[in-house]
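# Analysis of the macromolecular model
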Amino acid sequence: MADTAKQFPLPSSLKVVPGTEAAQAAYPYYTQFVPQDDQKFWFYNSMHFPEPMHHFDMITAEAAYVALGAANTRVHVLPTAKGIEHRVINGRVYIGGVAVTDPEEIKERVGEFQQRAFYYYEHWERLYDSWKEKMKTLIADAQALPKPSLSKYEPLETVHAGKGVASNHALLDIYQKQIEGYHRMWHHHFEFLLLGYGAYMTFFDFCKKAFPEISDQAISRMVAGMEAEIFRPDEEVKRLARRAVELGVDGHFTDGMSIEQVLADLDRVGNAGKEWLAELETSRNPWFNVSSGDGFYHYHRSWNDDLSLPFAALPGYIDKVKSGVNIERPTAQLVEEREQLVADYRELLDTDEDRATYDQLITLAHRVFPYVEGHKFYCEHWYTNLFFNKIREFGALLAENGFFEKEDDVFHLTQYELESAIIDLMLGWGVGAPPRGPQHWPAIVAQRKAAIVEWGKHATAPALGAVPDAIDDPAIVMLWGITRESLDSWLDDGDGPSNELRGFAACHGVVEGTARVVKSVEEISRLQQGDILVCQVTNPTWAPIFQKISAAVSDIGGSMSHMAIVAREYGLPAVVGTGKATQRIRDGSRIRVDGGRGTVTILEEERVLEDA
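From a predicted model like this one, the values you see are computed outputs, not experimental measurements.

Tracing the backbone shows Leu-361 in helix H13 (residues 352–368). Exposure remark for Leu-361: the relative accessible area of 14% places this residue in the buried category. Distance in space between the C-alpha atoms of Leu-361 and Phe-190 is 21 Å, their sequence separation being 171 residues. For Leu-361, the residues in contact, after removing those within four places along its chain, are Thr-202, Phe-203 and Phe-206.

Take a look at the structure:
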């Protein structure tokens, strides 16, 4: 470890926010910090969990890390990295990687990895096609699960059929299938993901050794111009904008419109309106099954549940279509640029052997990399949103029976507590006596609601423990943007220009404009044309707002983070992994983003108006 002067707070020094101790204790015991955790380096996973986590929502971390660990450690057997440990305090998720450092173990794991990963690379298309079918089957199975309900008496027809199992058993069966399906989804999620990153990382390492002066951005541009399902929802919004103009119903779409009124009006205006509504239904199923967030919070509803985000994009796209402005992603340009880059750097190699290796690695990267973004549509978005909506059905049933006030209150219970509440209801129905839940849960739900609000008022340390001498896990560097240099920057006590932040150069271009600091999905609507988005992290489903913004800056993320990838695919100047942008930059300030150098300069602070 490095000099102890270079150290973040120790886990043991973090205190639970006063008044929220019971809510903290409700997280599973294996997610609580313990004294020995002081010996390990942790960082706050604000990329995936930027807001305090409701207790049920923690399943999105738990199931993911169960599957990730199995994929890394036991299935594909990554040579130098096993799984990720996670801890929760004040609703914030901290993670720490489990590295492999013993040379003999690494050697053993290399042999295993080659047998496993290389088979996948060799048969990538066939296995990936099979993966899509598995995911579609899993989604269909979840959709087919019946809505949980209890009638006064067992239906007579089931009695006469000799079924022999009462309706209350179905509640447990449905719930357990939902939980099992969600865990299964995460195993599917990681079946290809690390291999996709691994292929790129191998090419990345080759380029760094062969071309010492090459930038991370230049390497990442060699895999730009991809086609992946996660970009399809935005393509559908563009299609709907074009159809609105073609059908002559574009005048219905204005900023601040009432979506319900627009839908009603279109239904009344004749064939053109009805035809556009039919086009909307075509787009919605399946492409609007995407979350407005990154898929890890129950309240980040899908576009299908809340049409606000796609409809907010329609007026801008319609204006551009009518003005003759090209609204397509610059895919052809990106492909042309990447092919030129690949060819230019290939010419710099000295030997036929190096050129053959280079050709093999870049070809593999192009084959596998679209999965890195494409899987998100099926996993984090479509399936996870469906899963949360199915849990809402249990929330509605429990609310009807007095366990709490609203169906969404169910998300203040852990997955284990929810099963106990379901069994309580099963017992009450079967015994013919009132369940205990109505006396037990309302006070706990109220207590946890207050804790979530209170935790949201308090900042949390970006990392915990002593700073490592080096960050060796390439995934941590490329996804989260955590390097020794970025950690030193986070610990910086003010040295260097006070008006400049540095991060990863995600997409080239220099832009000056007004900073709009967006700290949650709910604040997206504040963005105005030409603003520079400043956020903790973004995701591909925010793509419809990219037509409004001129550049993007994030606190977290590396050169292969989702924000960096999406920025490149849309040709949007961006700097990621600044660490403190949302804290250092005031909303309304004028800033300059240099996406080629990875710098953000604060040019003019927002004017503070004093009361007269």
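Next, the rest of the story.
In this section: empty space enclosed by the protein. Evaluated as defined, the whole model comprises 3 cavities of 30 Å³ or more. What lines the largest cavity is a set of 20 residues, among which Pro-50, Glu-51, Val-521, Val-537 and Trp-542 lie closest to the centre. Residues that form the lining of the largest cavity fall into these classes: 9 nonpolar, 8 polar and 3 charged. Looking at the second largest cavity, its volume works out to about 70 Å³. As for the second largest cavity, its lining consists of Pro-28, Thr-31, His-55, Phe-56, Met-58, Ile-59, Glu-62, His-86, Thr-414, Gln-415 and Tyr-416. Elements with a contribution of two residues or more to the lining of the second largest cavity: helix H2 (59–75) and helix H15 (415–431).

With that out of the way, let us pick up H13. Between its terminal C-alpha atoms H13 stretches 24 Å, which fits the 24 Å expected from 17 residues at 1.5 Å a residue. By the burial criterion, the buried members of H13 are Arg-355, Tyr-358, Leu-361, Ile-362, Leu-364, Ala-365 and Val-368. Packed against the buried residues of H13 are helix H3 (103–122), helix H4 (124–144), helix H6 (167–210), helix H12 (331–346) and helix H14 (370–400).

Bringing the confidence of the model for the protein into the picture now. Any segment with low pLDDT has predicted coordinates that should not be analysed in fine detail. Within the protein, residue pLDDT values average 92, and 96% of them lie at 70 or more. Segment residues 607–612: pLDDT under 50, and 1 contact once partners within four positions in sequence are set aside and those in other chains are kept.

Let us look at the pattern of salt bridges. Applying the stated criterion across every chain, the model contains 46 salt bridges. Note that Asp-173 and Lys-177 form a salt bridge whose closest N and O atoms lie 3.2 Å from each other. Of this pair, Asp-173 and Lys-177 both sit in helix H6, separated by 4 residues, roughly a single helical turn. Owing to a relative accessible area of 31%, Asp-173 belongs among the partly exposed residues under this scheme. Here Lys-177 falls in the partly exposed class, since its relative accessible area comes to 44%.

Here we come to unusual backbone geometry. Backbone torsion omega between Asn-285 and Pro-286 reads 15°, so that peptide bond is classified as cis. Looking at the element boundaries, Pro-286 is found in helix H10 (residues 271–287). Of note, the phi angle at Val-77 is positive, near 60°, even though the residue is not glycine. Mapped onto the elements of the fold, Val-77 is located in the loop between H2 and strand S2 (81–89). For Asn-90, which is not glycine, the phi torsion reads 55° and is therefore positive. Assignment of secondary structure puts Asn-90 in the loop between S2 and strand S3 (92–99).

What follows deals with the sheet that holds S2. Spatial ordering of the open sheet is given by S2-S3-S1-S4, a layout of 4 strands whose pairing is antiparallel. At either margin of the open sheet sits one strand with a lone partner, and together these are S2 and strand S4 (463–464). Sitting on the sheet, H2 is in contact with S2 and S3, with an inclination near 160° to S2.

Moving on to the pairing of strand S9 (residues 551–554). Burial along S9 is two-sided: Ala-551 and Val-553 facing one way and Ala-552 and Ser-554 facing the other are all buried. Summarising the sheet, strand S8 (residues 532–535) and S9 pair through 4 bridges and their orientation is parallel. Across the sheet, Val-534 pairs through a bridge with Val-553, a residue of S9. Sheet analysis places S9 next to strand S10 (residues 574–576), joined by 2 bridges and oriented parallel.

Our focus in this paragraph is the packing of aromatic side chains. Going through the model one piece at a time under the given rule, you end up with 44 aromatic pairs. Relative to Trp-124, the ring of Tyr-121 lies with its centre 6.1 Å away and its plane at 25°, an arrangement referred to as stacked. An angle of 45° between the planes, with centres 5.5 Å apart, marks the rings of Tyr-297 and Tyr-299 as tilted. Classification of Tyr-299 by relative accessible area gives partly exposed; the value is 25%. A connected cluster of aromatic rings, assembled from ring pairs, spans Phe-118, Tyr-120, Tyr-121, Trp-124, Tyr-128, Trp-131, Phe-192, Trp-287, Tyr-371, Phe-377, Tyr-378 and Trp-382. The ring centre of Phe-231 lies 4.3 Å from the NZ or CZ of Arg-329, which sits over that ring. Directly above the aromatic system of Tyr-570 lies the positively charged group of Arg-329, at a separation of 6.0 Å from the ring centroid.

The rules behind each value
Residues numbered from 1 in each chain as written. Predicted model: local features only at pLDDT ≥ 70, side-chain atom pairs only at ≥ 80, totals over all residues. Heavy atoms only, no water. Helix = DSSP H or I, 4+ residues; strand = E, 2+ residues; numbered from the N terminus. Buried < 20%, exposed > 50% of the residue type's maximum accessible area, 1.4 Å probe, protein only. Contact = heavy atoms within 4.5 Å. 1 Å grid on protein atoms, 1.4 Å probe; cavity = no way out; pocket = protein on both sides within 12 Å on 5 of 7 lines; lining within 4 Å. Points joined across faces, edges and corners; volume = space filled by probe spheres on them. Nonpolar A, V, L, I, M, F, W, Y, C, P; charged D, E, K, R; others polar. Expected span 1.5 Å × (residues − 1). pLDDT = per-residue confidence, 0-100. Salt bridge = Lys/Arg side-chain N within 4 Å of Asp/Glu carboxyl O. Pairing = 2+ DSSP bridges. Axes fitted to C-alpha atoms, helices over the stretch in contact; angles between N-to-C directions. Phe/Tyr/Trp six-rings, centres within 6.5 Å; stacked < 30°, edge-to-face > 60°. Lys NZ or Arg CZ within 6 Å of the ring centre and 35° of its normal.

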